[in-house]
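Below, each chain spelled out in residue letters.
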Amino acid sequence: MSASTTTSASASASTPGAAPASVNAVTRRARRRSAALGVAAWVVGIGFCLPALWMVLTSFHAEADAATNPPSIAAALTLDGYRTFFGGGGGPTPWPPLVNSLAASFFSTVLVLLLALPAAYALSIRRVRKWTDVMFFFLSTKMLPVVAGLLPVYLFAKNTGLLDNIWLLVLLYTSMNLPIAVWMMQSFLADVPVSIIEAAQVDGARLPTVLRRVVAPVAGPGIAATSLICFIFSWNELLFARVLTGVVAGTAPVHLTTFVTSQGLFLAQLCAASVVVSLPVLVAGYAAQDKLVQGLSLGAVK
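Residues numbered from 1 in each chain as written. Predicted model: local features only at pLDDT ≥ 70, side-chain atom pairs only at ≥ 80, totals over all residues. Heavy atoms only, no water.

Turning our attention to empty space enclosed by the protein. A complete count under the given rule lists one cavity of 30 Å³ or more for this structure. In this structure, the largest cavity spans a volume of roughly 30 Å³. Forming the walls of the largest cavity are S101, A104, S105, Y173, S234, W235, E237, T251 and P253. Elements that contribute at least two residues to the lining of the largest cavity include exactly α4 (95–124) and α10 (220–236). Counting residues per element, the lining of the largest cavity draws most heavily on α4, which supplies three residues. (1 Å grid on protein atoms, 1.4 Å probe; cavity = no way out; pocket = protein on both sides within 12 Å on 5 of 7 lines; lining within 4 Å. Points joined across faces, edges and corners; volume = space filled by probe spheres on them. Helix = DSSP H or I, 4+ residues; strand = E, 2+ residues; numbered from the N terminus.)

Shown next, in the form of structure tokens:
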């Protein structure tokens, strides 16, 4: 009896020392796992950013250095590519295409928001009958390949005299981005409390006032995320702009294709032009990054 008591007492005495050791081992494994995940995240992030960083570096090289194989990383830096892009040496000026892209992207985004907000309100807060069928219809419009609708749109533009017209691109970009905007904003507006809308209606607010002063401020992050995504899609669109525009309404992506000529690929100039064309989207994304993160994560945590 005394021996078993002594054994249990010694075991209980050794337990408090073993518990902290096991806890420390678990903590060390968790720290190593967290450090490994952090390193992996940095490697993946650098891998995604590497092509963009390579493009920026190539834009500061001369054409002879940019065309070397393997690439010359330590080549001398120069601004010749940017000078050529901005019309130095008698080249074409990039300002009309940049203005056309800005106008088409801005006005189409405004039209998308004006149309998508009431539609999302009817599909999320004051739901219409068979609203799921309506949502599927919006989704089905994105199933048609863009190239399949290119010829009908071209014939329509030709017969109506809208070829090389910036307003045709505004209408096309609006119709292309509207389904995406409705889908996104429907999920954002579904999280708007109905009680505050009912309170505004009790006070006599009509639907335009409710949308402008109640729904829009509450769903502001989601609207900002939607508008930024629609702006990016419009800014980067090339196929319709390449076919339907010419000298007057050519956009910035169309202008980039002029650096691929029968004489060869002017890689340094193309990289410099790509950096400049990418800056408006990067600036807009950086300025609205807090709203973008809030909007894309809206409704993720209940």
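Looking now at the packing of α4 against helix α9 (residues 207–218). Each pair of packed helices can be described by the angle between their axes along with the distance between the axes. Relative orientation of the contacting elements α4 and α9 amounts to 95°, with a least axis distance of 11 Å. In terms of axis orientation, α4 runs roughly perpendicular to α9. Of α9, the residues touching α4 (which contributes L117, P118 and Y121) are L207, V210, L211 and V215. In the contact of α4 with α9, the residues fall into seven nonpolar, no polar and no charged. (Axes fitted to C-alpha atoms, helices over the stretch in contact; angles between N-to-C directions. Parallel < 35°, antiparallel > 145°, perpendicular 65-115°, else oblique. Contact = heavy atoms within 4.5 Å. Nonpolar A, V, L, I, M, F, W, Y, C, P; charged D, E, K, R; others polar.)

Once that is clear, we can look at the layout of surface pockets. Put simply, the largest pocket is a space of about 350 Å³. Lining the largest pocket are 15 residues; nearest its centre among them are T141, K142, L144, S175 and M176. Those elements that place two or more of their residues in the lining of the largest pocket are α5 (131–140) and α7 (166–189). The element best represented in the lining of the largest pocket is α7, accounting for five residues. Tallied by class, residues from the lining of the largest pocket come to 11 nonpolar, three polar and one charged.

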